[in-house]
Amino acid sequence: MTETIVRPPTLEERSSFYEVYGTGIPNVDTLTFDAFSRWWNRSKVQGDLPSLWRVAVVKDKIVGVAINAVLDSLGWGAIWELVVDKDWRNKGIGTTLLQESEQALLKRNPNLTHFVIGVKIRNARAISFVERLGYGIQSLVLRLDGEATSTLKELDLEVNIARLDDIPTLLHLNPDTYWGHRDHKMLEYSIRGGNCYVMREKSSHMVVGFVRLEYDQEQQDSTVISFSYRDGYGVEVVDAALNEVTTKNAIFWVQDRHEDILDHFYAEGFQRVEAELLARKRVRS
Ligand SMILES: CC(C)(COP(=O)(O)OP(=O)(O)OC[C@H]1O[C@@H](n2cnc3c(N)ncnc32)[C@H](O)[C@@H]1OP(=O)(O)O)[C@@H](O)C(=O)NCCC(=O)NCCS
């Protein structure tokens, strides 16, 4: 059998990494080379490139790639993207890359309790692949698209641009998805990037929500909205977020445990266009 080496990418391998990354279906939307390069550069600066990014190499050729991330606040190590070039599948390379990724994640944070991986529901092949490797499906994250019109007649929330000194309060809000869990560093990065808002109840000034708006790279006229909220204020927060959107359409990713918010979106005519299963595996101590 041909020898496969798994190692961190070198700085010269950005383009070949991107090429292999593009042969899979890692994202719903394809990531442009510019956006990928920003991710690569940020990971380089933060030290993630050598510690958490991996390439599988056969005879000096990159045939598989993995991008991993530590979700410290949850104690989870995420295999964020995993792709093996089509011509090289079913030879054990994906298994090796995944196992090496788990090792890299544990090395980065030895206190992790779980490994996680998100798999699109239409990707039956990958579902059996992760289940064979000890992962169990635990929940669903839904992508909902709809018109960006708020139905709230009168807003009970005041909306302000997020500031860095809001961060300690924002850490206590419930995020839309597991990947929406934010630590101090991630919140700081988001807020510095702009288009982030904090929602407060008008009467008490209590912080009840945080949203981030990003223009969708692929779908013109759409804004991707990520949010977190205080229990009991979810629907108001997403509606207040829609008020800030300047595009025609809005895109949300919502985990299935937010039933009241999902119910609200469906009632407002939002439609599911994608769904991802969260598969999780406990770290053996
Ligand atoms: C999912 C993916 C990463 C798997 O990579 P891979 O290199 O084909 O994975 P492996 O070869 O280790 O395992 C694939 C199958 O080949 C079999 N296999 C492993 N080694 C083998 C070998 N030496 N000879 C023959 N078959 C082998 C395994 O039993 C496995 O079967 P299973 O999927 O039913 O469990 C790859 O298909 C891919 O890149 N898909 C597109 C991107 C994607 O879906 N990513 C999401 C990942 S969750």
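Since we're looking at a predicted model, the values are computed, not measured.

Thoughts on the overall build of the chain
Right, on to step 1. Check the secondary structure of the chain and you find nine helices and 13 strands.
Right, on to step 2. Computed over the C-alpha atoms, the radius of gyration of the chain is 20 Å, within 12% of the 19 Å expected from 2.2 N^0.38 for a compact globule of 285 residues.
Right, on to step 3. Projecting the C-alpha coordinates of the chain onto the three principal axes gives extents of approximately 65 × 35 × 35 Å.
Right, on to step 4. Counting all 285 residues of the chain, 50% fall into the buried class.
Right, on to step 5. For the chain, restricting intrachain contacts to residue pairs at least 6 apart in sequence, the fraction spanning at least 24 positions comes to 70%.
Right, on to step 6. Total accessible area on the chain is roughly 14500 Å²; 47% of this is exposed by carbon and sulfur atoms.
Right, on to step 7. Put simply, the chain has 34 plus and 41 minus side-chain charges, and the middle of one group is 7 Å from the middle of the other.

Looking at helix 5 (residues 124–132)
Right, on to step 1. Within helix 5 the residues assigned to the buried category are Ala-126, Ile-127, Phe-129 and Val-130. An end-on view of helix 5 places all buried positions within 165 degrees of arc, on one side of the element. Summarising the geometry of helix 5, the exposed residues directed more than 90 degrees from the buried face are Ala-124 and Arg-132.
Right, on to step 2. In this fold, the buried residues of helix 5 make contact with strand 4 (76–84), helix 4 (93–108), strand 5 (114–120), strand 6 (136–147) and strand 13 (271–282).

Considerations on the site of the ligand
Right, on to step 1. Around the ligand there are 20 residues in total, and Gly-92, Gly-94, Thr-95, Asn-123 and Arg-132 lie nearest to it.
Right, on to step 2. Contact between the ligand and Lys-91: an oxygen atom at 3.1 Å from a main-chain N or O atom of the residue.
Right, on to step 3. Separating an oxygen atom of the ligand from a side-chain N or O atom of Asn-123 is a distance of 2.6 Å.
Right, on to step 4. Coverage of the ligand by the protein amounts to 74% of the 920 Å² it exposes when considered alone.
Right, on to step 5. Of all the secondary-structure elements, those providing two or more residues to the shell around the ligand are strand 4, helix 4, strand 5 and helix 5.

Considerations on the pairing of strand 5
Right, on to step 1. The buried fraction of strand 5 is high, at six of seven residues.
Right, on to step 2. You can see the chain leave strand 4, run along helix 4 and come back into strand 5, and the turn it takes is right-handed.
Right, on to step 3. In this sheet, strand 13 lies alongside strand 5 in antiparallel orientation, the contact comprising seven bridges. Residue pairing across strands places Lys-120 opposite Glu-276, the latter belonging to strand 13.

A few points about a positive patch on the surface
Right, on to step 1. On the surface, Lys-86, Arg-89, Arg-125 and Arg-132 cluster together to form a positively charged patch.
Right, on to step 2. Within the secondary structure, Arg-132 is located in helix 5.
Right, on to step 3. Overall, Arg-132 belongs to the exposed group, its relative accessible area being 55%.

Quick notes on the rules
- Residues numbered from 1 in each chain as written.
- Predicted model: local features only at pLDDT ≥ 70, side-chain atom pairs only at ≥ 80, totals over all residues.
- Heavy atoms only, no water.
- Helix = DSSP H or I, 4+ residues; strand = E, 2+ residues; numbered from the N terminus.
- Rg over C-alpha atoms; globule rule 2.2 N^0.38 Å.
- Buried < 20%, exposed > 50% of the residue type's maximum accessible area, 1.4 Å probe, protein only.
- Contact = heavy atoms within 4.5 Å.
- Areas by Shrake-Rupley, 256 points an atom, 1.4 Å probe, with all protein chains shown as cover.
- Lys, Arg positive; Asp, Glu negative; His and termini not counted.
- Charge placed at Lys NZ, Arg CZ, Asp CG, Glu CD.
- Arc of directions from axis to C-beta.
- Near = heavy atom within 4 Å.
- Polar contact = N/O pair within 3.5 Å; in protein donor to acceptor, adjacent residues only side chain to side chain.
- Right-handed = clockwise from strand over helix to strand, strands pointing away.
- Pairing = 2+ DSSP bridges.
- Patch = residues over 30% accessible without salt bridge, like charges linked within 9 Å, V, L, I, M, F, W, Y side chains within 5 Å.
- Salt bridge = Lys/Arg side-chain N within 4 Å of Asp/Glu carboxyl O.

Note that all results are geometric; they support no functional claim without further evidence.
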